[in-house]
Amino acid sequence: MYKHILVPTDGSNLSRKAIKIAAGLARALGARITAIYVVPEGVPTLFSGDRLYGSGILGRQYRELVKREAKKALAVVEIEAGIAGVPYASVQTLAGHPWQEIIRTARSRRCDLIVMASHGRAGLTALALGSETTKVLAHSKVPVLVYR
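Q: Just to check I follow, could you spell out the overall build of the chain for this structure?
A: Within the chain, the regular secondary structure consists of 6 helices and 5 strands. Within the chain, the fraction of its 148 residues that count as buried is 42%. Expressed as a percentage of contacts within the chain between residues at least 6 apart in sequence, the contacts between residues at least 24 apart total 76%. Surface accessibility of the chain: about 8,400 Å² in total, with carbon and sulfur atoms responsible for 56%.

Q: Could you clarify how one ought to interpret helix 6 (residues 132-139) in this entry?
A: Among the residues of helix 6, Glu132, Thr133 and Val136 are the ones counted as buried. Looking straight down helix 6, one finds that the buried residues subtend no more than 100° of arc, so they occupy a single side.

Q: Quick question: what am I supposed to make of the nonpolar core here?
A: Counting residues in each nonpolar core, the largest one holds 22 residues, and the members touching the most others are Ile5, Val7, Ala26, Ile33, Tyr37 and Val86. Contributions of two or more residues to this core are made by strand 1 (4-8), helix 1 (13-29), strand 2 (32-40), helix 3 (57-84) and strand 4 (113-117). Tallying contributions element by element places helix 3 first for this core, with 8 residues. For Tyr37, the contacting residues outside a window of four places in its chain are Thr9, Asp10, Glu69, Ala70, Ala73, Leu74, Val91, Gln92 and Thr93. Grouped together as the second largest cluster of nonpolar side chains are 14 residues, Val38, Ile102, Val136 and Val142 included.

Q: Got a minute to help me understand the sheet that holds strand 3 (residues 88-95) in this structure?
A: Sheet strands pair via backbone hydrogen bonds, and the direction of the pair is either parallel or antiparallel. Across the sheet, 5 strands lie side by side as 3-2-1-4-5; this open sheet has parallel pairing. For this open sheet the edge positions go to strand 3 and strand 5 (144-147), each flanked by a neighbour on one side alone. In this sheet, adjacent strand axes meet at a mean angle of 25° when their direction is disregarded. Sheet topology note: the strand 1/strand 2 ladder contains 5 bridges and is parallel. The residue bridging Val7 from the neighbouring strand is Ala35, located in strand 2. Sitting on the sheet, helix 4 (residues 98-108) touches strand 1, strand 2, strand 3 and strand 4, and the angle it makes with strand 2 is about 155°.

Q: I tried to follow the pattern of salt bridges on my own but got confused; where do I start?
A: Any two side chains of opposite charge can pair if their charged atoms end up close together. Summed over the entire model, instances satisfying the criterion amount to 4 salt bridges. Here Lys67 ties to Glu64 by a salt bridge, and the two come within 3.8 Å at their closest N and O atoms. Here Lys67 and its partner Glu64 are both found in helix 3, 3 residues apart, which amounts to about one turn of the helix.

Definitions and limits used
Residues numbered from 1 in each chain as written. Predicted model: local features only at pLDDT ≥ 70, side-chain atom pairs only at ≥ 80, totals over all residues. Heavy atoms only, no water. Helix = DSSP H or I, 4+ residues; strand = E, 2+ residues; numbered from the N terminus. Buried < 20%, exposed > 50% of the residue type's maximum accessible area, 1.4 Å probe, protein only. Contact = heavy atoms within 4.5 Å. Areas by Shrake-Rupley, 256 points an atom, 1.4 Å probe, with all protein chains shown as cover. Arc of directions from axis to C-beta. Core = buried A, V, L, I, M, F, W, Y, C linked by side-chain atoms within 4.5 Å. Pairing = 2+ DSSP bridges. Axes fitted to C-alpha atoms, helices over the stretch in contact; angles between N-to-C directions. Salt bridge = Lys/Arg side-chain N within 4 Å of Asp/Glu carboxyl O.

See the structure below:
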């Protein structure tokens, strides 16, 4: 059966529910979990141009915000893995297309299952990104369990 489960998270409520499912499944199967938080490269430039990534205060504030959000989202996976008593690792990365990074990480870490939420955060970010879950489903050779 499955021995290494990749769990993408964006910190959303639905993502947290998928994490609980993944941890329970890992426990039942004797599997380990790797969590991934992908920062979508370029999304903020839709609203503020290149200045956001510049050396100014806003750039530093944005980087710190992203680090805090990633740490919070990954901590949820670490806690759930601890409760389930399963081994845990995490990955935080920057990518132009988060779905591609999820698939690349699943392959490179030799994950044999991806467990993810059917959708993540809403609003303008979701509109700009499209559905990462749909893209993972369409392109992944690793099986995907989608939590709705």
